[in-house]
Amino acid sequence: MAELATGTPEQTGIEAAAGASLMDWGAVIAGALLAAALSFVLLTFGTAIGLSATSPWPNAGLSAKIIASLAVFWTLAQQIGSFLAGGYVAGRLRARRQGISSEESDFRDGLHGALVWALGIAFGAALALAAAGALARTGLEAAAGAASGVASSANPTELALDGLLRATPGASPTQPEVTSDARAEIARILASSVATGGLDNQDRTYLAQRVAQLTGLSPQDAQTRIQQAIDATRRAADKARRAAVLGGLVTAAALLISLAAAWWAAVKGGQHRDNAVPPSFGFPWTRRRFAPGN
C-alpha cells in the first residue's frame, strides 16, 4: 500500500482544495495578447522611425552602421518591454491558491510568465502566417513578386554580373546583345565558383571565351574581369552570411532575455497582487505633487 504524503499544505505546496487547477489560462492569454499587441505597435513605430532616419541623398540621414545599431537596440527593447508588460499582467491577474507557500506561489507566477512568453511567440508566428496567407489569397503576392524582382536586379551579385558582361567602349563584340540564357549560364558558373571555392581550368577557360565573345575584351582582360566578378560575388555572399548570423543572434538573445523578463515581471505582479499594492501609472513625485491638499 502506497504511503500517504505527510505534512501541512504550507510545507508540501499541495493545493488545499482537491482537484484545483494549477493553471490560470485566462491570465496567461490576457498577458500574451497584450505582449503581442505591444510588440506589433512598437515594431511598427520603430520601422517608421527607421525609415524617417534614412535618405537617398548623399550626406543626409544617419549612416548605415548607426541605423543597424539602432535596429538591434530597438529589437531588444521592444521584445523585452512587451513581455515585461504581458508577464506582469499574467502575474497580477492570476488567482492565488490557498494553502501554498510564498515560494511556491512565486514559482507558479513565474511559470505563468513563461507561458505568456511562449504563447506570445505563437501568436506572433500565427499572425505572420495569416498575413502571408491573406496576401496570397488577395493576389497581392504577384505585385510583391514583381517589385522584388525589380529590387533583386540591384543586388550585389547582379551588379557583379553586370560589370562582367559590360561591353567595352569602341569594341565590336561578335554577339552585341547578351541573351537571358547566356546571362543565366554565366550566373550559374559564378555561383558555383563561390559555392565550391573556385573555378576549375575548364570552366575558367570556357567562361573567359564567353565573356570575351560577348564584350569584345581580350582573353587576358576577360580573365581579370572574371576574377573581379568572383571576388565581388564572394564579398556579397559573405556580407549576407554575416547579416544572417547577426540577425539570428540578436533574435535569439532578445527571446531569451524576454523570457527572463516575463518570468520576473509575473513574479513581481504576483507579489503586488498578494500585498495589495495599488496600481500606479505615474512617478512618485508626481503623485505627491498632485495629491489632494498639496
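Peer 1: Talk me through the overall build of the protein chain; I want residue IDs and the actual numbers.
Peer 2: A count of helices and strands for the protein chain gives 10 helices and zero strands. Per-residue burial for the protein chain yields a buried fraction of 25% across its 294 residues. Intrachain contacts of the protein chain at a sequence separation of at least 6 include 79% that bridge at least 24 residues. By element, 67% of the accessible surface of the protein chain is carried by carbon and sulfur atoms, the whole surface being about 18400 Å².

Peer 1: So what about helix α9 (residues 219-274)? Which residues, and what values?
Peer 2: Taking 1.5 Å per residue, 56 residues should reach 82 Å; α9 reaches 82 Å between its end C-alpha atoms and fits that length. Directly beyond the C-terminal end of α9, a positive phi value near 55 degrees is found at Ala276.

Peer 1: Break down the environment of Leu259 for me, with residues and values.
Peer 2: Note that Leu259 resides in helix α9. Judged by relative accessible area, which is 26%, Leu259 ranks as partly exposed. Considered as a pair, Leu259 and Gly87 are 172 residues apart in the sequence and their alpha carbons are 9.2 Å apart. Apart from the residues within four sequence positions on either side, Leu259 is in contact with Ala114 and Trp117.

Peer 1: Lay out helix α2 (residues 25-53) with the relevant residues and their values.
Peer 2: Here α2 is 29 residues long and its end C-alpha atoms lie 42 Å apart, about the 42 Å a rise of 1.5 Å per residue gives. Buried within α2 are the following residues: Ala27, Val28, Gly31, Ala32, Ala35, Ala36, Ser39, Gly46 and Ala53.

Peer 1: So, the packing of aromatic side chains: which residues are in play, and what are the values?
Peer 2: Here the distance between the centres and the angle between the planes together describe a pair of aromatic rings. Under the defined criterion, the tally for this structure stands at two aromatic pairs. Judged by centre distance (6.0 Å) and plane angle (50 degrees), the rings of Phe45 and Trp74 are tilted. Here Trp74 lies in helix α3 (residues 64-93) and Phe45 lies in helix α2, a separation of 29 residues in the sequence. Taking the relative accessible area as the measure of exposure, Phe45 reaches 47% and is therefore partly exposed. A residue is classified by how much of its surface remains accessible, and Trp74, at 27% relative accessible area, is partly exposed. Where Phe107 meets Trp263, the ring centres are 5.7 Å apart and the plane angle is 65 degrees; that geometry is what we call edge-to-face. With Phe107 in helix α4 (residues 102-138) and Trp263 in helix α9, this residue pair connects regions lying 156 residues apart in the sequence.

So, how was this worked out
Residues numbered from 1 in each chain as written. Predicted model: local features only at pLDDT ≥ 70, side-chain atom pairs only at ≥ 80, totals over all residues. Heavy atoms only, no water. Helix = DSSP H or I, 4+ residues; strand = E, 2+ residues; numbered from the N terminus. Buried < 20%, exposed > 50% of the residue type's maximum accessible area, 1.4 Å probe, protein only. Contact = heavy atoms within 4.5 Å. Areas by Shrake-Rupley, 256 points an atom, 1.4 Å probe, with all protein chains shown as cover. Expected span 1.5 Å × (residues − 1). Phe/Tyr/Trp six-rings, centres within 6.5 Å; stacked < 30°, edge-to-face > 60°.

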